[in-house]
Amino acid sequence: MLGLIKMGITGKELANLLNLSEAAISMALRDKQGVSTQTRKRILEAAEKYGYDYTKTEKKRKPSRHITFIIYKRQGAIVSETPFFSALFEGIETACAEFNYKLQITYIYKDDDMQKKIREINDSDSAGIILLGTEMQLDDFHVFDTMKLRIPFILLDVNLDFTQYDSVLINNVQGAFEATNYLISKTKKQPGHLRSSYPIGNFNKRAEGFYKSVKMHGMSASKSIVHTLTPSVEGAFVDMMELLEQGEELAPCYFADNDLIAIGVMRALQKKGYRIPDDISIIGFDDLPMASYIEPSLTTVHVPVKYMGITAVKRLNEMINGDKHSPIKILVSTRIKKRRSL
């Protein structure tokens, strides 16, 4: 019987074939709620097999001039009201104005029904999605693997090894590698690592760049002293003070996962009488504004954050106005900002 089904099947024929209601078929094909995951999967597989024309399910509506900016928060410790994310948002706003898009902002938290929120955006008049996924981990992406988005979608600042999604992100490996090279060349000593206690993809990549440089200089990675600290100024200060009180062994110089950690550690070391950079040198990452006015000013890795936001909107605009495309990953390069902590 199945062999008699013609290619280019209609929704009614699909319903008869699968012994389901036409309403169930419509909900699955339009990615609406109302059918189980198993039934949806069965319908979509049959639709693909028999050549269902998906243009029949498309809404007749005017082209949208809205972009949805989703800010995902798992802990909220990294994605917060900092100059880094203010600059990122400024870049997105600038590019939206250039391409005549209005920007809609929504927050998704770890405990939210992420699939429901994404589906609501997918069914709205939004032309595309930019997802700030700095705090996302691999298991957070299952929702995108189980539902079919009808609108273009781009990841921003997600440093996980994905190939199926368009993304714009910092070249963290390159930045950390060059920062550690500079640290070693200036001090001629084995560097330590001030590592974030939060499992963020960006920080994992920075650790990769750090150890790549250490090994390139003929040093043993196991001999690099590592302190695991809260990725905030106050958190890193408290954590480092505790380590100092315990008499923890110190490195002569450090690469820090971000400026907030670096600044917190500098304050703790100075409170204990250490001179920077005479006794211990430190280099950070991100080039936050406060890095330039603390004493001593912090040598760090400059990230063109505003440019990242602009690039994400430009790429999304191409996706909105273009035909089918292959996903690309855009790595934004960094540079060393030399100051007085090194």
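Let us look at the structure shown here.

Cut-offs and rules
Residues numbered from 1 in each chain as written. Predicted model: local features only at pLDDT ≥ 70, side-chain atom pairs only at ≥ 80, totals over all residues. Heavy atoms only, no water. Helix = DSSP H or I, 4+ residues; strand = E, 2+ residues; numbered from the N terminus. Expected span 1.5 Å × (residues − 1). Contact = heavy atoms within 4.5 Å. Buried < 20%, exposed > 50% of the residue type's maximum accessible area, 1.4 Å probe, protein only. Core = buried A, V, L, I, M, F, W, Y, C linked by side-chain atoms within 4.5 Å. Phe/Tyr/Trp six-rings, centres within 6.5 Å; stacked < 30°, edge-to-face > 60°. Lys NZ or Arg CZ within 6 Å of the ring centre and 35° of its normal.

### Let's talk about helix α3 (residues 37–49)
And step 1. Compared with an ideal rise of 1.5 Å per residue, which puts 13 residues at 18 Å, α3 spans 18 Å between its outermost C-alpha atoms and is within 8% of the ideal.
And step 2. On the buried face of α3, the contacting elements are α1 (11–18), α2 (22–29) and α5 (114–122).
And step 3. At the C-terminal side of α3, Gly51 shows a positive phi close to 70 degrees.

### Structural notes on unusual backbone geometry
And step 1. Going from Ile276 to Pro277, the amide bond is cis rather than trans, its omega being 10 degrees.
And step 2. Look at the link from Glu295 to Pro296: it is a cis peptide, with omega at -5 degrees.
And step 3. Position of Pro296 relative to the elements: it lies in the loop between β9 (281–283) and β10 (300–302).
And step 4. Backbone geometry at Asp157 places phi at a positive 60 degrees, although glycine is not the residue there.
And step 5. Inspection of the secondary structure puts Asp157 in the loop between β4 (153–156) and β5 (166–170).
And step 6. Positive phi, close to 120 degrees, is recorded for Asp286, a residue that is not glycine.
And step 7. Here Asp286 is to be found in the loop between β9 and β10.
And step 8. Exposure remark for Asp286: the relative accessible area of 12% places this residue in the buried category.

### Considering the nonpolar core
And step 1. Ile130, Leu156 and Ile282 are the most contacted members of the largest nonpolar core, which has 68 residues in total.
And step 2. The next biggest cluster of nonpolar side chains, apart from the first, holds 17 residues, and it includes Ile129, Met136, Phe141 and Leu155.

### Thoughts on the packing of aromatic side chains
And step 1. A complete count under the given rule lists 7 aromatic pairs for this structure.
And step 2. When the centroid spacing of 4.9 Å and the interplanar angle of 70 degrees are considered together, the rings of Phe84 and Phe85 count as edge-to-face. Of the two residues examined, Phe84 and Phe85, each falls in the buried class.
And step 3. Consider the rings of Phe210 and Phe255, whose centres lie 6.0 Å apart with planes at 15 degrees: the pair is stacked. With a gap of 45 residues between them, Phe210 in helix α8 (residues 201–216) and Phe255 in strand β8 (residues 253–256) connect regions that are remote in the sequence. For the pair shown, Phe210 and Phe255 are each scored as buried.
And step 4. One aromatic cluster is present, built from ring pairs that chain together Phe210, Tyr211, Phe255 and Phe285.
And step 5. A cation over a ring is seen here: Arg206 above Phe285, with NZ or CZ 3.8 Å from the ring centre.
And step 6. Over the aromatic face of Phe177 sits the side chain of Lys212, whose NZ or CZ is 5.3 Å from the ring centroid.

Purely spatial values, then, with no claim about function.
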